[in-house]
There are 2 protein chains.
Amino acid sequence: MNAEIIAVGSELLTPHRIDTNSLFLTDQLNSLGVEVVSKCVVGDDRDRLAEAVHRAVARSQIVILTGGLGPTEDDVTRDAVALALDRKLIFHAEISEQLEQRFAQMKRKMAEVNKRQALIIQGAAILPNDRGTAPGQWIDEADVSILLLPGPPHELQAMFTRQCLPRLERRVPRQVIRTLQLRVAGMPESDLDQLISPVYKKYDNPVTKILANAREIQVHVRARCSTEAEAVTLLAEVGGPIELLLGDRIYSRNGDTLESVVGGMLRKQAAMLAVAESCTGGMLSERITSVPGSSDYFLGGLVTYSPRLKAERLGVPEETLAKAGAVSRETAEAMATGERRRTGAHYGVSITGVAGPGSGGESAPVGTVYIGVADAAGCQVNHRQFLGDRARVRMFATTMALDLLRRKCMLVAG
Amino acid sequence: MNAEIIAVGSELLTPHRIDTNSLFLTDQLNSLGVEVVSKCVVGDDRDRLAEAVHRAVARSQIVILTGGLGPTEDDVTRDAVALALDRKLIFHAEISEQLEQRFAQMKRKMAEVNKRQALIIQGAAILPNDRGTAPGQWIDEADVSILLLPGPPHELQAMFTRQCLPRLERRVPRQVIRTLQLRVAGMPESDLDQLISPVYKKYDNPVTKILANAREIQVHVRARCSTEAEAVTLLAEVGGPIELLLGDRIYSRNGDTLESVVGGMLRKQAAMLAVAESCTGGMLSERITSVPGSSDYFLGGLVTYSPRLKAERLGVPEETLAKAGAVSRETAEAMATGERRRTGAHYGVSITGVAGPGSGGESAPVGTVYIGVADAAGCQVNHRQFLGDRARVRMFATTMALDLLRRKCMLVAG
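Since we're looking at a predicted model, the values are computed, not measured. (Residues numbered from 1 in each chain as written. Chains lettered and ligands numbered in written order. Predicted model: local features only at pLDDT ≥ 70, side-chain atom pairs only at ≥ 80, totals over all residues.)

Caption draft 1: Representation of the overall build of chain A within the structure. Counting its regular elements, chain A contains 13 helices and 17 strands. Viewed in the frame of its principal axes, chain A has a C-alpha envelope of about 80 × 60 × 40 Å. The buried share of chain A, reckoned over its 414 residues, is 48%. Counting contacts in chain A only where the partners sit at least 6 residues apart, residues at least 24 apart contribute 64% of the total. (Helix = DSSP H or I, 4+ residues; strand = E, 2+ residues; numbered from the N terminus. Buried ≥ 20, exposed ≤ 12 C-beta atoms within 10 Å, placed from the backbone. Contact = placed C-beta atoms within 7 Å.)

Caption draft 2: The arrangement of helix H5 (residues 153-171) of chain A in detail. All names here are of chain A. Its axis deflected by about 45 degrees at Cys164, H5 carries its strongest bend there, up to four residues before the proline Pro166. Every buried residue of H5 is listed here: Leu156, Met159, Phe160, Cys164 and Leu168. Where H5 is buried, its residues meet helix H1 (21-31), strand E3 (62-66), strand E6 (125-127), strand E7 (136-141) and strand E8 (144-149). (Bend = angle between axes of the 7 residues up to and from the residue.)

Caption draft 3: Up close: unusual backbone geometry. Residue and element names in this part refer to chain A. Residue Asn205 is joined to Pro206 through a cis peptide bond whose omega torsion reads 5 degrees. Inspection of the secondary structure assignment puts Pro206 in the loop between helix H6 (189-200) and strand E10 (207-212). For Ala142, which is not a glycine, the phi torsion comes out positive at approximately 50 degrees.

Caption draft 4: Structural detail: the sheet that holds strand E9 (residues 176-184) of chain B. Residues and elements named next belong to chain B. As summarised here, the arrangement of the four strands in space is E10-E11-E9-E12, forming an open sheet in which the pairing is antiparallel. This sheet does not close on itself; its edge strands, each paired only once, are strand E10 (207-212) and strand E12 (250-252). If you compare each strand with its neighbour and ignore which way they point, the axes differ by 35 degrees on average. In the sheet, E9 pairs with E12 via two bridges, with the strands oriented antiparallel. Bridge pairing in E12 links Arg183 to Ser252. Of the strands in this sheet, E9, E10, strand E11 (217-225) and E12 are in contact with helix H7 (residues 228-246), which crosses E11 at around 155 degrees. (Pairing = 2+ DSSP bridges. Axes fitted to C-alpha atoms, helices over the stretch in contact; angles between N-to-C directions.)

Caption draft 5: Main features of the interface of chain B and chain A. The interface is formed by 56 residues belonging to chain B together with 57 residues belonging to chain A. Listed by contribution, the elements that provide at least two residues to the side of chain B that touches chain A are helix H1 (21-31), strand E2 (35-42), helix H6 (189-200), E10, helix H9 (283-289), strand E14 (298-304) and helix H13 (390-413) of chain B. Each residue belonging to the side of chain B that touches chain A can be placed in one class, and the counts come to 22 nonpolar, 24 polar and ten charged. Bridge count for strand E2 (residues 35-42) of chain A against E2(B) is five bridges, and the pairing is antiparallel. If you follow Ser38(A) over to E2(B), its bridge partner there is Val42(B). (Nonpolar A, V, L, I, M, F, W, Y, C, P; charged D, E, K, R; others polar.)

Caption draft 6: Structural context of the domain arrangement of chain A. The assigned domain composition of chain A is domain 1 (2-171), domain 2 (176-252) and domain 3 (258-413). Between the C-alpha centres of domain 1 of chain A and domain 2 of chain A there is a distance of 34 Å. (Domains from an automatic or database assignment.)

Caption draft 7: Structural context of the confidence of the model for chain A. Of the residues in chain A, 99% have a pLDDT of 70 or more, and the chain-wide mean is 92. Per the prediction output, this complex has pTM 0.76; the corresponding ipTM is 0.75. (pLDDT = per-residue confidence, 0-100.)

Caption draft 8: Up close: the pairing of E11(B). Residue and element names in this part refer to chain B. Relative to E11, E9 runs antiparallel, the two sharing nine bridges. Its bridge partner being in E11, Thr179 is matched across the sheet by Arg222. Sheet analysis places E10 next to E11, joined by six bridges and oriented antiparallel. The residue bridging Thr208 from the neighbouring strand is Val221, located in E11.

Caption draft 9: Molecular detail of the nonpolar core. Grouped together as the largest cluster of nonpolar side chains are 135 residues, with contacts concentrated most on Leu273(A), Ile371(A), Leu273(B) and Ile371(B). Sequence-distant contacts of Leu273(A), defined by excluding residues within four places in its chain, comprise Leu266(A), Tyr297(A), Phe298(A), Leu299(A), Ala345(A), Tyr347(A) and Val349(A). Counting 92 residues, the second largest nonpolar core, distinct from the first, contains Leu13(A), Ala56(B), Ala84(B) and Ile146(B). (Core = buried A, V, L, I, M, F, W, Y, C linked by C-beta atoms within 7 Å.)

Caption draft 10: Local environment of the packing of H1(B) against helix H5 (residues 153-171) of chain B. All names here are of chain B. Two elements in contact, H1 and H5, have axes separated by 10 Å at closest approach and are oriented at 20 degrees. On the basis of their axis angle, the class for H1 and H5 is roughly parallel. Considering how the two elements wind past one another, H1 and H5 form a crossing that is right-handed. Between H1 and H5, the contacting residues are Asn21, Phe24, Leu25 and Gln28 on the first element and Pro153, Leu156, Gln157, Phe160 and Leu165 on the second. Here the contact of H1 with H5 is composed, by residue class, of six nonpolar, three polar and no charged. (Parallel < 35°, antiparallel > 145°, perpendicular 65-115°, else oblique. Left-handed = near helix turned anticlockwise from the far one by under 90°.)

Caption draft 11: Representation of the sheet that holds strand E9 (residues 176-184) of chain A in the model. Residues and elements named next belong to chain A. With antiparallel pairing, the four strands of this open sheet are ordered in space as E10-E11-E9-E12. Where the open sheet ends on each side, the last strands, each with one partner, are E10 and strand E12 (250-252). Adjacent strand axes in the sheet meet at a mean angle of 30 degrees, parallel and antiparallel pairs treated alike. Its contacts with the sheet place H6 against E9, E10 and strand E11 (217-225), and it is angled at close to 175 degrees to E10. Running at roughly 155 degrees to E11, helix H7 (residues 228-246) makes contact with E9, E10, E11 and E12 of the sheet.

Caption draft 12: Structural detail: the packing of helix H2 (residues 46-59) of chain B against helix H3 (residues 77-85) of chain B. Residues and elements named next belong to chain B. It is at 8 Å that the axes of H2 and H3 come closest, and there the two elements cross at 50 degrees. The angle between the axes of H2 and H3 places the two elements in the oblique class. Between H2 and H3 lies a crossing of right-handed hand. Contact with H2, carried on its side by Arg46, Leu49, Ala50, Val53, His54 and Val57, involves Thr77, Asp79, Ala80, Val81, Leu83 and Ala84 of H3 and no other residues of that element. Its residues assigned to classes, the contact of H2 with H3 comprises eight nonpolar, two polar and two charged.

Caption draft 13: Main features of the pairing of strand E1 (residues 2-8) of chain A. All names here are of chain A. For E1, the buried fraction is high: six of the seven residues fall into the buried class. Note: E1 against E2, seven bridges, orientation parallel. Across the sheet, the residue bridging to Val8 is Val42, located in E2. Traced from E1 through H1 to E2, the parallel crossover comes out right-handed. Bridge count between E1 and E3: five bridges; the pairing is parallel. (Right-handed = clockwise from strand over helix to strand, strands pointing away.)

Written out as structure tokens, the structure reads:
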């Protein structure tokens with residue numbers, strides 16, 4: 001069974017935007033054993049879109065359109081699909097009323113154009129949208145299912161997971177795709193590949209992929225079999241040796257992020273954390289608090305961008321700042337221990353470095369980062385030289401800080 | 001004159017990879033006045049790719065294929081285009097010899113499969129590749145130019161810029177695309193559309209688009225004309241009234257982000273900023289410091305996740321926390337004024353709220369946010385109720401805080 005994805009929107013045909021919804025949808029479809037055989041981007045052009053839908057319906061069993069369901073004249077998906085399938089558009093008064101209520105809840109009056117969102121293709125099932133105004137639509141035409149989904153990722157993802165997946169599961173013949181997903185820290189991508197490629201290169205199935213960015217490295221091992229048991233066996237055969245080679249560099253096997261893994265460890269130890277950042281400017285705190293419930297283990301953080309605040313708020317000695325410099329092993333240690341002492345946290349973590357592009361008067365080169373992790377036993381400082389632009393250096397540094405804290409927590413868990 | 005881009009490769013149909021070459025190519029083509037009307041991703045499937053090429057050639061004047069030129073069986077682009085155009089593939093011995101020399105230079109023996117890269121479509125011009133092994137190919141078929149380019153971005157970009165652009169410039173009739181790009185804050189997308197659509201709806205050219213996410217709203221007005229002067233006039237005709245209607249909600253006309261605009265205003269005033277965040281957990285600091293050189297105007301920030309730290313580090317009275325609560329107008333005011341006083345900054349900005357999904361024991365509903373902006377004249381607190389998940393509420397809140405600070409700075413500049 002094959003699927004095609006058509007992303008709608010002229011902005012996706014500019015140099016400034018890219019369709020990423022198809023990555024989510026592909027992942028979901030693959031989990032059902034459905035392959036995506038083509039992806040297309042079409043602008044806000046009704047006739048061109050209708051033509052693309054017409055072709056897709058003729059050759060694939062699942063056709064998913066994303067975007068173009070908004071209230072404006074630009075939003076042509078409803079019209080184009082109606083045209084391609086030769087069906088009428090029907091105004092649903094109850095959807096229009098629900099939209100008006102939604103606006104009323106936000107203490108706003110609904111603009112007249114929003115009524116266009118209550119137009120439903122004849123025979124379509126309506127997919128309610130609890131995160132936005134545009135309802136989705138599901139049409140079965142002979143053997144083909146055509147799905148119209150909203151463009152904003154959080155709306156699309158909720159609608160697909162809750163309403164489309166269960167319907168698709170009933171339609172799709174049994175085939176199993178199982179993926180082992182390892183998340184790894186503390187090692188560059190090329191070293192990792194050199195380490196594990198002798199294992200995975202011998203296999204066409206499962207397919208092994210290494211995906212890396214500044215935030216994290218993932219290893220995906222993907223088996224496609226006719227039964228669950230076969231897939232599990234195949235994954236064990238290839239995944240087992242890979243896991244052994246990577247050892248404790250693996251922090252997650254279930255898609256959990258590094259920040260949530262570290263959070264879970266802190267919660268288990270009932271240990272509180274406080275952080276002090278310089279060059280990462282709040283990114284470490286931001287990543288830690290991106291996890292719901294992080295107030296259980298996170299007291300707070302300091303962004304000491306100016307040297308004066310490092311002295312005043314963390315008690316970094318003026319002498320250390322003057323002699324060793326704001327970007328130094330000594331300052332990182334004083335920041336981590338100072339933050340720990342002043343907040344009464346179990347763990348104090350610090351980052352100081354030069355994110356670039358300018359060196360900001362520091363003697364250290366761009367990409368230099370010192371990370372301190374302090375606990376009752378003392379403070380350990382790690383130094384690293386990262387390559388990349390400002391955003392990448394900051395991301396690398398916060399990932400490394402989280403990983404060092406994870407390793408410290410592992411020792412406790414022992 | 002229209003173009004289509006076809007990215008070739010089954011890896012681009014997985015959840016893990018995305019075609020980004022098309023962004024580069026679109027930018028280059030737009031600079032010539034050529035619109036990209038469709039983008040497609042096709043897997044390593046000769047017949048399916050041949051069909052896609054056949055269709056593209058029938059409706060566009062420029063068809064660019066990227067990838068699939070490697071040495072392996074998977075690399076089907078050459079075969080597929082030859083099939084679609086009904087032309088032969090011809091082995092070029094001199095290309096094969098150049099490839100062998102290239103391998104010899106790297107002290108490696110060329111594998112036999114690499115000879116496939118010396119297969120050239122009948123009548124094609126050869127585009128040498130000085131950064132990799134696969135040569136590109138350029139075919140003119142009636143009015144259509146078909147370009148076969150290598151997949152690796154650095155190979156593709158060098159080949160396109162040096163060899164394809166000069167050829168295209170000779171083919172393309174002079175045409176100019178100019179874009180007015182407005183960034184807007186302080187107004188929901190649908191209200192904005194209702195405000196400006198009476199202006200832009202009357203025009204097919206320029207095309208006006210509203211692009212919105214939790215971080216920002218952009219309005220793009222894009223004119224396509226045969227002369228620069230015409231394009232400028234047309235943009236003024238449509239953009240002028242739109243700018244008037246949006247007024248000071250526009251913070252940037254050149255693509256600058258809100259954080260860099262605010263930074264520029266602070267630098268101009270020689271005013272220092274400090275922030276205190278609760279529910280946004282460092283995101284406000286992180287956004288401010290994402291701008292290079294932000295240490296010129298940013299002293300630092302506090303993430304006071306625990307109520308105790310709000311009292312200790314900001315001097316929020318225990319009584320305020322107990323009576324009004326951590327998420328309240330009173331606490332937001334005490335945070336902003338406390339942070340300003342304690343750091344000696346000109347401006348103190350605070351955010352306190354409930355990002356969700358849980359309410360964390362707060363009496364306020366999820367999405368409630370209070371933002372304080374303090375200066376020498378006092379503190380102004382704004383309250384807002386945002387809709388969305390944790391990540392969106394945090395992004396909305398930081399965008400609003402930056403915008404409120406911008407408005408405060410505008411009064412000074414006044």
